[in-house]
There are 2 protein chains.
Amino acid sequence: MPVINGDRLLRDLETLRTFGKCGNGVVRQSLSEVDMESRRWLVERMADAGLDARIDGIGTVFGRSRNPGKALLVGSHTDTQPTGGWLDGTLGVMYGLETVRAFAESRETRDLAVDVASWIDEEGTFFGLLGSKMFCGLVGEAELDGASDAGGRTLRAALRDAGLEGSFVERCVPDRYRAYMEAHIEQGPWLEEEKRRIGVVTGIVGIRSLSIRFEGQQNHAGTTPMARRRDAGAALVTFASRVHEVFASHAGPRSVWTIGTIRLEPGAASIIPGRAWLTLQFRDADEALMDRLGDLVEDLVRECNACGPVTVSIEPAKDRTAAALMDAGLQRYLEAAAERHAPGAWMAMPSAAVHDAQNLAQVLPSAMLFVPSKDGISHAFEEDTSREDIVLGCQVFADAVASILLEGT
Amino acid sequence: MPVINGDRLLRDLETLRTFGKCGNGVVRQSLSEVDMESRRWLVERMADAGLDARIDGIGTVFGRSRNPGKALLVGSHTDTQPTGGWLDGTLGVMYGLETVRAFAESRETRDLAVDVASWIDEEGTFFGLLGSKMFCGLVGEAELDGASDAGGRTLRAALRDAGLEGSFVERCVPDRYRAYMEAHIEQGPWLEEEKRRIGVVTGIVGIRSLSIRFEGQQNHAGTTPMARRRDAGAALVTFASRVHEVFASHAGPRSVWTIGTIRLEPGAASIIPGRAWLTLQFRDADEALMDRLGDLVEDLVRECNACGPVTVSIEPAKDRTAAALMDAGLQRYLEAAAERHAPGAWMAMPSAAVHDAQNLAQVLPSAMLFVPSKDGISHAFEEDTSREDIVLGCQVFADAVASILLEGT
């Protein structure tokens, strides 16, 4: 079986970290200059490993094996949040690269075909999960035309500036592949809490995102008596505080919900807010439970409108990601490899975060492996994983990939 | 007694409205290019009316009477909010100008001395009530050094760009003046509700402004279990909703309170807010009641900190304006003039908004007159007052000024 080279893996992870390094963290948003530099570096590393590698027309780095037979596709993403951690999806891409290199060094595995992808814009600078959606044929040209970043720069302009406009875009040919496999940091606290070193993912939670709008009347904060106010901000805080109460009593044990943005207009200390918005996002692996939570939000909107004096409405959800199950057979291979290298120190668990594997699962049997996140922190500069866990995770991952390809052929 | 020229007054108000006109409203923030243009236009109108007029070193337009004897100072402001109405303080400045012109046309009043001021930056683009504070000696150089607009441009830079740096700044010489008088739109609904056309202001409410800060832990909105969260946004909405409850049951009948700004950091749908801020402003004419309301906020902060898991603190208040009484003798003159021109259609009332008169009241006997605001709306493009009420208000104002100067001499 393949033996991965932990030093080589860590060295490459550290090199990739220098692209956009910011303290302990990394700022490498997709299609930025530093992201494109890192992609060119990654293409070179893939080529060194014998892959036929390039950046495709949407920004994904794709390295295709030259070996014959059914291939296994390994992927994740190297772009980051505006204040990102150094591992996140980068870990999974480098596991793929190290797997290819380790395979080439062992007689038993050197003819196995493994393709490696770094999907563009998983983090949604322009369009969440963009690369994997394109690869799986899950996004239309009109959606691409409408995509832009927080500053209003369009995806099309960013692709043009990156020199990618008009280039060929990779598309999944399902016949080529045996399966898709992705490794990622857990991003949560469960592995650490349970003192486990490997997580075998059973499924990925679904996400509902709602934007809720409050329409009142802007007015002077001194001269408008309380009884005459239609204060959109006051309605918002009451509503938001009710959401937290109602969800706390009706959600499931693994449900999470977040009000991550609030905006008051015009947003001045001396002016009664005339309009206000919040975003409410909630996640669970149980779609029926999420339907019930969605109904509760609609009840709250009706309650609030019945009381007045502010009008509340739910704006059509832009994002709605269905829960996705991971392939049971592939999970068995990951479990066996984990038990070989870390007996008793692995567990099966759902993923509470979105991953590219959600899209791949629609076209290929897919599976994911997690390594622990220190203190459960991610999407923040402090994100980290112990070097031992990084190396262990890669060995388990490479082992599982080898087993699948050897036994599956 | 003086007879004001309503057409001339309305014509000049309409001309001044063209500087920064935006639909029915006006955008003329202090020291902007269009504000400076309007100030130069105002200097010319004052000069036409016989005043010795110029823009002083802080931006205030000051027109000094050439007549002998004790003078009466009339003022208000011509700068606007980011989305301002066309009248607001502009009304009071133009009442002053029209009063001077009407006085010159009547044998009885033509030797009376009336100075007219348009105080800079009442609306606080850089520093609220700046012009009247400077004139009354209520602001230090260090405070000026620290003042900047929402975009970070300093007051010093704006003064330099406006060509005012180093110019002479007018200061109040109390011996020169009999009194200060200011007219303004009411900005509230009370006159309209009571079907009155003139308000004689008894006093101006005090204002307390608090900035409240919530310190939690930023984290991933999917992978962080609810029980482990330290969500600054969730703490903020619960706190804010409690503020509204507690104030509703403890405030006075004329008290008002507003949460006009809320900020979540980082402010993304998929990230648990690590920090959050709100501003709470409350106003009442009763300082003891305001002390009690301030104590209630501190109680809520203690409650919230006792529960955790987010730390709440009150940041030192930047603004705190004490309530100010208007001069009783001057109110009698305004009441008599109102009763002459609008018998039974005036009322005494407090001002719920801040005015430059608050500062002048610290150095001179001061009084204010209000005209109705349609639907009580102000600091918004829809702000308006009927033409009849505008003209009536000016006649009452000019009458009162004449009486004070004639009887006071």
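Bear in mind the structure is a predicted one, so any value in this text is a computation, not a measurement.

Peer 1: Can you break down the pattern of salt bridges residue by residue, with the values?
Peer 2: Enumeration according to the criterion identifies 58 salt bridges over all chains in this entry. Arg197(A) is paired through a salt bridge with Asp389(A); the nearest N and O atoms lie 2.7 Å apart. Here Arg197(A), found in the loop between α7 (190-193) and β8 (198-204), pairs with Asp389(A), found in helix α12 (residues 387-408); they are 192 residues apart in sequence, far enough to count as distant. A residue is classified by how much of its surface remains accessible, and Arg197(A), at 31% relative accessible area, is partly exposed. Notably, a salt bridge pairs Arg302(B) with Asp299(B), separated by 2.6 Å at the nearest N-O pair. Pair noted here: Arg302(B) and Asp299(B) are both in helix α9 (residues 287-307), with a separation of three residues, about one helical turn. Residue classification places Arg302(B) among the exposed positions, given a relative accessible area of 51%. Under the relative-accessibility criterion, Asp299(B) is labelled partly exposed at 34%.

Peer 1: Lay out the packing of helix α2 (residues 33-48) of chain A against helix α3 (residues 90-104) of chain A in plain terms, naming residues and giving numbers.
Peer 2: All names here are of chain A. The interhelical angle for the contact between α2 and α3, taken along N-to-C directions, is 25 degrees, at an axis separation of 10 Å. It follows that α2 is roughly parallel to α3 by the angle criterion. As α2 packs across α3, the resulting crossing turns out to be left-handed. Here Trp41, Leu42, Arg45 and Met46 of α2 lie close against α3, whose contacting residues are Val93, Met94 and Leu97. Among the residues making up the contact of α2 with α3, the classes are represented as six nonpolar, no polar and one charged.

Peer 1: I'd like a description of the relation of the copies chain A and chain B, backed by residues and values.
Peer 2: When chain A is fitted to chain B, the best match, at an RMSD of 0.1 Å, comes from turning it 180 degrees and sliding it 0.1 Å along the axis. Given the turn and translation reported, the copies of this chain are related as if by a two-fold rotation axis. When C-alpha distances to the rotation axis are compared across chain A, the minimum falls at Val237(A), with a value of 2.5 Å. The fraction of interface residues of chain A whose copies in chain B are also interface residues reaches 100%, indicating that both copies meet through the same surface.

Peer 1: Could you give an account of the interface of chain A and chain B, with specific residues and numbers?
Peer 2: On the chain B side, the residues contacting the 53 residues of chain A number 53 residues. Summing both sides of the interface, chain A and chain B together bury roughly 4400 Å²; the carbon and sulfur share of this comes to 56%. We note a salt bridge from Arg228(A) to Glu193(B), for which the minimum N-O separation is 2.6 Å. Counting the contacts that link chain A with chain B gives 17 residue pairs in polar contact (both at pLDDT 80 or more). Elements supplying a minimum of two residues to the side of chain A that touches chain B: α7, β10 (219-220), α8 (232-250), β11 (256-265), β12 (271-272) and β13 (275-284) of chain A. The dominant element in the side of chain A that touches chain B, judged by the number of residues it contributes, is β11(A), at eight residues. Among the residues forming the side of chain A that touches chain B, the class breakdown is 21 nonpolar, 25 polar and seven charged.

Peer 1: Lay out helix α3 (residues 90-104) of chain B in plain terms, naming residues and giving numbers.
Peer 2: Look at α3(B): 22 Å from first C-alpha to last across 15 residues, which is about the 21 Å you get at 1.5 Å a residue. The buried fraction of α3(B) amounts to 14 of the 15 residues, a majority that puts the element mostly inside the structure.

Peer 1: Help me get a handle on helix α1 (residues 6-17) of chain B, residues and values and all.
Peer 2: Residues and elements named next belong to chain B. With twelve residues, α1 extends 16 Å between its outermost C-alpha atoms, agreeing within 8% with the 16 Å of an ideal straight helix rising 1.5 Å per residue. Listed in full, the buried residues belonging to α1 are Gly6, Arg8, Leu9, Leu10, Asp12, Leu13, Leu16 and Arg17. The N-terminus of α1 is capped by Asn5, whose side-chain oxygen sits 3.1 Å from the backbone nitrogen of Asp7.

Peer 1: Break down the packing of aromatic side chains for me, with residues and values.
Peer 2: Within this structure, the stated rule accounts for 18 aromatic pairs over all chains. For the ring pair Phe19(B) and Trp41(B), a centre distance of 6.0 Å and an interplane angle of 50 degrees mean the geometry is tilted. Of the two residues, Phe19(B) is situated in the loop between α1 and β1 (21-22) and Trp41(B) in helix α2 (residues 33-48); the sequence distance between them amounts to 22 residues. A single burial state applies to Phe19(B) and to Trp41(B), both of which are buried. Each member of the aromatic cluster is reached from another via a ring pair, and the members are Phe62(A), Trp119(A), Phe135(A) and Tyr180(A). Cation over ring: Arg263(A) sits above Trp277(A), and NZ or CZ is 4.2 Å from the ring centre.

Peer 1: Break down unusual backbone geometry for me, citing the residues and quoting the values.
Peer 2: Note that the residue after Glu265(B), namely Pro266(B), is joined by a cis bond; omega there is 5 degrees. If you trace the backbone, Pro266(B) turns up in the loop between β11 (256-265) and β12 (271-272). Of note, the amide linkage connecting Gly308(B) to Pro309(B) takes the cis form, showing an omega dihedral of -5 degrees. Tracing the backbone shows Pro309(B) in the loop between α9 and β14 (311-315). Positive phi outside glycine occurs at Leu129(A), with the angle close to 60 degrees. Assessed through its relative accessible area of 6%, Leu129(A) is described here as buried. Residues other than glycine seldom take positive phi values, yet Asp121(B) does so here, at roughly 55 degrees. Along the polypeptide, Asp121(B) turns up in the loop between β6 (113-118) and α4 (130-135). Overall, the relative accessible area of 0% leaves Asp121(B) in the buried class.

Peer 1: Residues and numbers for the confidence of the model for chain A, please.
Peer 2: For chain A, mean pLDDT is 95; residues scoring 70 or higher make up 99% of the total. Across the assembled chains, the prediction reports ipTM 0.75 with pTM 0.74.

Peer 1: Let's hear about the packing of α8(A) against helix α8 (residues 232-250) of chain B: which residues, and what values?
Peer 2: Running from N to C, α8(A) and α8(B) cross one another at 120 degrees; their axes reach a closest spacing of 8 Å. When the interaxial angle is binned, α8(A) and α8(B) end up oblique. For α8(A) against α8(B), the interelement crossing comes out left-handed. Contacts between α8(A) and α8(B) pair Ala234(A), Val237(A), Thr238(A), Ala240(A), Ser241(A) and His244(A) from the former with Ala234(B), Val237(B), Thr238(B), Ala240(B), Ser241(B) and His244(B) from the latter. Grouping the constituent residues of the contact of α8(A) with α8(B) by class yields six nonpolar, six polar and no charged.

Peer 1: Please provide a residue-by-residue account of the pairing of strand β3 (residues 52-55) of chain B, values included.
Peer 2: All names here are of chain B. Going residue by residue along β3, you find Ala53 and Ile55 tucked away on one face and Asp52 and Arg54 left uncovered on the opposite face. Sheet topology note: the β3/strand β4 (residues 61-64) ladder contains four bridges and is antiparallel. Looking across to β4, one finds that Arg54 is bridged to Phe62. Once β3 ends, the chain turns through five residues before running back antiparallel as β4, passing Gly59 with a positive phi of about 110 degrees.

Peer 1: So what about the environment of Ile185(B)? Which residues, and what values?
Peer 2: Residue and element names in this part refer to chain B. For Ile185, the position within the fold is in strand β7 (residues 177-185). For Ile185 and Glu383, which are 198 residues apart along the polypeptide, the C-alpha to C-alpha distance reads 9.5 Å. Once residues lying within four places of it in the same chain are set aside, the contact partners of Ile185 are Leu87, Asp88, Leu91, Phe370, Val371, Ser373, Ser378, Glu383 and Thr385.

Scoring rules and cut-offs
Residues numbered from 1 in each chain as written. Chains lettered and ligands numbered in written order. Predicted model: local features only at pLDDT ≥ 70, side-chain atom pairs only at ≥ 80, totals over all residues. Heavy atoms only, no water. Salt bridge = Lys/Arg side-chain N within 4 Å of Asp/Glu carboxyl O. Helix = DSSP H or I, 4+ residues; strand = E, 2+ residues; numbered from the N terminus. Buried < 20%, exposed > 50% of the residue type's maximum accessible area, 1.4 Å probe, protein only. Axes fitted to C-alpha atoms, helices over the stretch in contact; angles between N-to-C directions. Parallel < 35°, antiparallel > 145°, perpendicular 65-115°, else oblique. Left-handed = near helix turned anticlockwise from the far one by under 90°. Contact = heavy atoms within 4.5 Å. Nonpolar A, V, L, I, M, F, W, Y, C, P; charged D, E, K, R; others polar. Least-squares fit on C-alpha atoms with pLDDT ≥ 70 in both. Buried area = accessible area lost by both parts, 1.4 Å probe. Polar contact = N/O pair within 3.5 Å; in protein donor to acceptor, adjacent residues only side chain to side chain. Expected span 1.5 Å × (residues − 1). Phe/Tyr/Trp six-rings, centres within 6.5 Å; stacked < 30°, edge-to-face > 60°. Lys NZ or Arg CZ within 6 Å of the ring centre and 35° of its normal. pLDDT = per-residue confidence, 0-100. Pairing = 2+ DSSP bridges.

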